[in-house]
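# Remarks on the overall topology
What follows is the residue order along each chain.
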Amino acid sequence: MPTSKLVTIFGGSGFLGRYIARRMAKAGWRVRVAVRRPNEAVYVRTYGVVGQVEPVLCNIRDDESVRSVLRGADAAVNCIGTFDKGGKNNFDAVQNKGAARIGRIAKEEGVARLVHISAIGADAEAETLYGQSKGQGEDAILESFPDAVILRPSVMFGAEDSFFNRFAGMTRFGPILPVVGASTKFQTVWVDDVAAAAEMGAKGTAAPGIYELGGPDVNTFRELMQQMLGVIHRRRLIINIPFWIASIMAGVMEFVQTITLGLVPPQITRDQVQTLKDDNVVSEGAKTFADLGIDPVAMEAVLPDYLWRFRPDGQYDDIKRSASNLRGA
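First things first, this report covers the structure right here in the doc. All values derive from a computational prediction rather than experimental measurement.

## What to know about the overall build of the protein
Counting its secondary structure elements, the protein contains 12 helices and 13 strands. Against the compact-globule benchmark of 20 Å for 329 residues, the protein has a radius of gyration of 21 Å, which places it among compact chains. On the principal axes, the C-alpha backbone points of the protein span a range of 65 × 45 × 40 Å. Across the 329 residues of the protein, 49% fall into the buried class. Restricting to contacts in the protein with at least 6 residues of sequence separation, those with at least 24 account for 75%. Just so you have it, the protein exposes about 16000 Å², and 53% of that area is on carbon and sulfur atoms. Here the protein contributes 38 positively and 37 negatively charged side chains, and the mean placements of these two sets differ by 7 Å.

## Details of the pattern of salt bridges
Enumeration according to the criterion identifies 14 salt bridges in this entry. A salt bridge links Asp-92 to Lys-97, with the shortest nitrogen-to-oxygen separation between them at 3.2 Å. The class of Asp-92 is partly exposed, set by a relative accessible area of 30%. Lys-203 serves as the salt-bridge partner of Glu-199, at 2.7 Å between the closest nitrogen and oxygen. Placement of the pair is Glu-199 and Lys-203 together in helix α6 (residues 191-203), with a separation of 4 residues, close to one helical turn. Accessibility expressed as a relative area gives 32% for Lys-203, which makes it partly exposed. Through salt bridges that share partners, Asp-63, Glu-64, Arg-67, Arg-101, Arg-104, Glu-108 and Glu-109 make up one connected network.

## A closer look at the environment of Lys-26
Following the sequence through the fold, Lys-26 ends up in helix α1 (residues 15-26). Overall, Lys-26 belongs to the exposed group, its relative accessible area being 78%. With 195 residues separating them along the chain, Lys-26 and Phe-221 place their C-alpha atoms 35 Å apart.

## Looking at a positive patch on the surface
A surface patch of positive charge is lined by Arg-36, Arg-37, Arg-61 and Lys-88. Here Lys-88 shows up in the loop between β4 (75-78) and α3 (91-108).

## A word on the packing of α3 against helix α4 (residues 129-144)
Orientation of α3 relative to α4, taken along the N-to-C sense of each, is 10 degrees, at an axis distance of 8 Å. By the angle between their directions, the pair α3 and α4 is classed as roughly parallel. Seen from α3, the contacting residues are Phe-91, Asp-92, Gln-95, Asn-96, Ala-99, Ala-100, Gly-103, Arg-104 and Lys-107; seen from α4, they are Leu-129, Tyr-130, Ser-133, Lys-134, Gln-136, Gly-137, Ala-140, Ile-141 and Ser-144. Residue composition of the contact of α3 with α4, grouped by class: 7 nonpolar, 7 polar and 4 charged.

## Some thoughts on helix α2 (residues 63-70)
Every buried residue belonging to α2 is among Ser-65, Val-66, Arg-67, Val-69 and Leu-70, and all of these are buried. In this structure, the buried side of α2 is in contact with β1 (6-10), β2 (30-35), β3 (53-57), β4 and α3. Between the side-chain oxygen at the start of α2 and the backbone nitrogen of Glu-64 there is a gap of 3.3 Å, and the oxygen is on Asp-62. Gly-72 occupies a position one or two residues after α2 and carries a positive phi of about 85 degrees.

## A few points about the sheet that holds strand β11 (residues 209-213)
Read from one edge to the other, the open sheet built from 7 strands follows the order β3-β2-β1-β4-β5-β6-β11, with strand pairing classed as parallel. The sheet terminates laterally at β3 and β11, the two strands that pair on one side only. Put simply, the sheet's adjacent strands are angled 20 degrees from each other on average, direction ignored. Pairing of strand β6 (residues 149-153) with β11, which is carried by 5 bridges, proceeds in the parallel orientation. Looking across to β11, one finds that Ile-150 is bridged to Ile-210. Where α2 meets the sheet, it contacts β1, β2, β3 and β4, and its direction lies at approximately 145 degrees from that of β1. α6 rests against β4, β5 (113-117), β6 and β11 of the sheet, and its axis sits at about 155 degrees to β5.

## As for unusual backbone geometry
Working note: non-glycine residues mostly have negative phi, and peptide bonds are mostly trans. A positive phi angle, close to 60 degrees, is found at His-233, a residue other than glycine. Considering the arrangement of structural elements, one finds His-233 in the loop between α7 (221-232) and β13 (237-241). Although it is not a glycine, Leu-261 adopts a positive phi angle of roughly 55 degrees. Look at Leu-261 and you get exposed, because its relative accessible area is 78%.

Calculation rules
Residues numbered from 1 in each chain as written. Predicted model: local features only at pLDDT ≥ 70, side-chain atom pairs only at ≥ 80, totals over all residues. Heavy atoms only, no water. Helix = DSSP H or I, 4+ residues; strand = E, 2+ residues; numbered from the N terminus. Rg over C-alpha atoms; globule rule 2.2 N^0.38 Å. Buried < 20%, exposed > 50% of the residue type's maximum accessible area, 1.4 Å probe, protein only. Contact = heavy atoms within 4.5 Å. Areas by Shrake-Rupley, 256 points an atom, 1.4 Å probe, with all protein chains shown as cover. Lys, Arg positive; Asp, Glu negative; His and termini not counted. Charge placed at Lys NZ, Arg CZ, Asp CG, Glu CD. Salt bridge = Lys/Arg side-chain N within 4 Å of Asp/Glu carboxyl O. Patch = residues over 30% accessible without salt bridge, like charges linked within 9 Å, V, L, I, M, F, W, Y side chains within 5 Å. Axes fitted to C-alpha atoms, helices over the stretch in contact; angles between N-to-C directions. Parallel < 35°, antiparallel > 145°, perpendicular 65-115°, else oblique. Nonpolar A, V, L, I, M, F, W, Y, C, P; charged D, E, K, R; others polar. Polar contact = N/O pair within 3.5 Å; in protein donor to acceptor, adjacent residues only side chain to side chain. Pairing = 2+ DSSP bridges.

In structure tokens form, the structure reads like this:
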């Protein structure tokens, strides 16, 4: 019998990576999940039959480490990203040089297809360090691997997300929900739709190029929070923090992080405040889900599946509301 194909997924145990790993395993591929801490990623083994999905150690700052996990692979997917601008695994080390290393070594090892996960707003000339490093990473990938598939998703949502889960959690602590950039627009996208696009790239059924991936709806930050509040059955006053105040707050938080040697991470950074000044939506004329034949799923079809736990009475909230309505009838 022919040996099944092998895909290496860098960051395959992360939010997006695990969805891609699950899809590739279901398609019959062997999956090598390259991560910094394999012992914390053992759950990925359950995505396939025994031995089909394996977490392996990889440090993307080291050539030989990257080469060892790419050896023998038919395809590779790079999902690794960071929001840390300091330390060893900072923007430049991970999103620029790390991506460059993966692209170069993938080509040297004869990997047939490479999928790279970037972000809307990636531009080597961007005003933010995050956007610059994402853009530099894309440039480096294309220099070594010009027929790569690059995916730029907007903010992704899903059961493990750090967006809706974070803000829903904040509603438990008071009547006010503060946000920065309430008028900034987003085109939030379901994580598994992005995974489906990555699967196509790894299999070779997506044409090379850059794709900007957004969901079917465009909403302001405030509108997203209002939809979330509706799902979790809570009333909160959404307060917009002006950018100049948010920048001062972020600067103080970054200072605290510095003097505590990283023990107290900032809730928001100045770079993130700058990022929130620009809309996070698909560009006009960009390749999109439509070019891949994927019909993206709307938020309202997914959010209730995992945000129910933030309702006042959790999974019993709908039952209690129904009972209350009956008593009032």
